[in-house]
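Structural features, examined
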Amino acid sequence: LQAAELGLPLRAPPFLVAEIFDVLFAPSPALRQELAALRHSVGNPEDGRFIAVHLRTGDVAWDPARHGKTELSSFLACALKAEQELGLPADTPWLLATDSAEVAQVAASSAEAASGKLRVPGGLGRIHIDRSDMGDVLEGVSANYAEWLLFGHAAAVVLSRSFFGETAAEVGRVPFAYFAPGGGCVRTELSSS
C-alpha cells in the first residue's frame, strides 16, 4: 500500500522524532520537580532564551573518549558564534552539560561563569545511563534527564558527537544546532533526522 492510501503524509513533518516522543512519553511528576530544581540552580533560564552547550569527553565509566577537555574554549567560541548569528543579546545565558568533573570545574572558574553568562549544573547528572555503575545511575538518572529536557528548551545548541545533545535538541525541536568538535563550529539541520 502507498502512504497516501493509508492516509499518511508523503513526507515526514519537521522534528518527526519529537512528534513520536510526545505521543509516547511525558515527564513524571518527579522528573518535572527535578527539572524545576535544575532550572532554579542555573538561574531560571527562559525557554528559547539560552544556548545549551554539550561537551562529552568520555570521562564517565567506561565510555570511549570523545572530545578533549581542552576543547571547552572552542565549544564556548561556537556558542558565541551561534549567539551572534541568531542576533541574541550579549547577556544570553549559556548552559553547559558535560560528563567531565574537570571540565565543569574549569568552566565554573571561567570569566564567563564569573559574569553569570555560563551556568554549570551540579555533578549529580554527570552519568551515562547506559555505561555508569548501576548505583550511580540510580542516584543521578533524574538529574541527567532533567539536564536533557532543559537542553531541549534552548534557542540553540552546541553539540558533541553524542546522542545526549542530539536527541535532546531533536525532541525539544531546537531550531539551531552547531557541531563544535575539533575546533569547528558547523551549523546543522536536525529537524529531519
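Description of the structure in this document. (Residues numbered from 1 in each chain as written. Predicted model: local features only at pLDDT ≥ 70, side-chain atom pairs only at ≥ 80, totals over all residues. Heavy atoms only, no water.)

**Quick word on the state of the cysteines**
For clarity, the cut-off: Pairs of cysteine sulfur atoms within 2.5 Å are what we label disulfides. Note on conventions: DSSP H or I runs of at least 4 residues are helices, E runs of at least 2 residues are strands, and numbering of each starts at the N terminus. Buried residues are those whose accessible area, probed at 1.4 Å on protein chains only, stays under 20% of the maximum for their type, while exposed residues exceed 50% and partly exposed ones sit between those limits.
This structure, assessed with the given rule, holds one disulfide. Disulfide pairing is shown between C78 and C185; the S-S distance is 2.1 Å. Taking the sign of the torsion about the S-S bond as the criterion, the disulfide between C78 and C185, at about 75 degrees, is right-handed. Placement of the pair is C78 in helix 3 (residues 72-85) and C185 in the loop between strand 5 (176-179) and strand 6 (186-188), with a sequence separation of 107 residues. Looking at C185, the relative accessible area reads 17%, which means it is buried.

**Observations regarding the nonpolar core**
Defined as follows: By nonpolar core is meant a set of buried Ala, Val, Leu, Ile, Met, Phe, Trp, Tyr and Cys residues that side-chain atoms within 4.5 Å join together.
Counting 24 residues, the largest nonpolar core has F50, A52, W148, L150, F151, V157 and L159 as the members making the most contacts within it. With five residues, helix 6 (residues 134-151) is the largest single contributor of residues to this core. Of all hydrophobic cores here, the second largest spans 22 residues; its members include V53, A82, A107 and V158.

**Comments concerning the packing of helix 6 against helix 7 (residues 163-171)**
How we decide: Angles shown run from 0 to 180 degrees and are taken between the N-to-C directions of axes, each axis being a line fitted to C-alpha atoms and, for helices, limited to the stretch in contact. Throughout, the term roughly parallel applies to angles under 35 degrees, roughly antiparallel to angles over 145, roughly perpendicular to angles from 65 to 115, and oblique to all others. Crossing handedness is read from the near helix: turned anticlockwise from the far helix by less than a right angle, it gives a left-handed crossing, and turned clockwise, a right-handed one. We call two residues contacting when some pair of their heavy atoms lies within 4.5 Å. Just so you know the grouping, Ala, Val, Leu, Ile, Met, Phe, Trp, Tyr, Cys and Pro go in nonpolar, Asp, Glu, Lys and Arg go in charged, and all remaining residues, Gly too, go in polar.
Two numbers describe how helix 6 lies on helix 7: the axes approach to 7 Å, and their chain directions differ by 50 degrees. Taken as axis vectors, helix 6 and helix 7 run oblique relative to one another. Two packed elements cross with a definite hand, and for helix 6 against helix 7 that hand is right-handed. Note on element contacts: helix 7 touches helix 6 through F164, G165, T167, A168 and V171, opposite N144, E147, W148 and F151. Of the residues assigned to the contact of helix 6 with helix 7, the class counts are five nonpolar, three polar and one charged.

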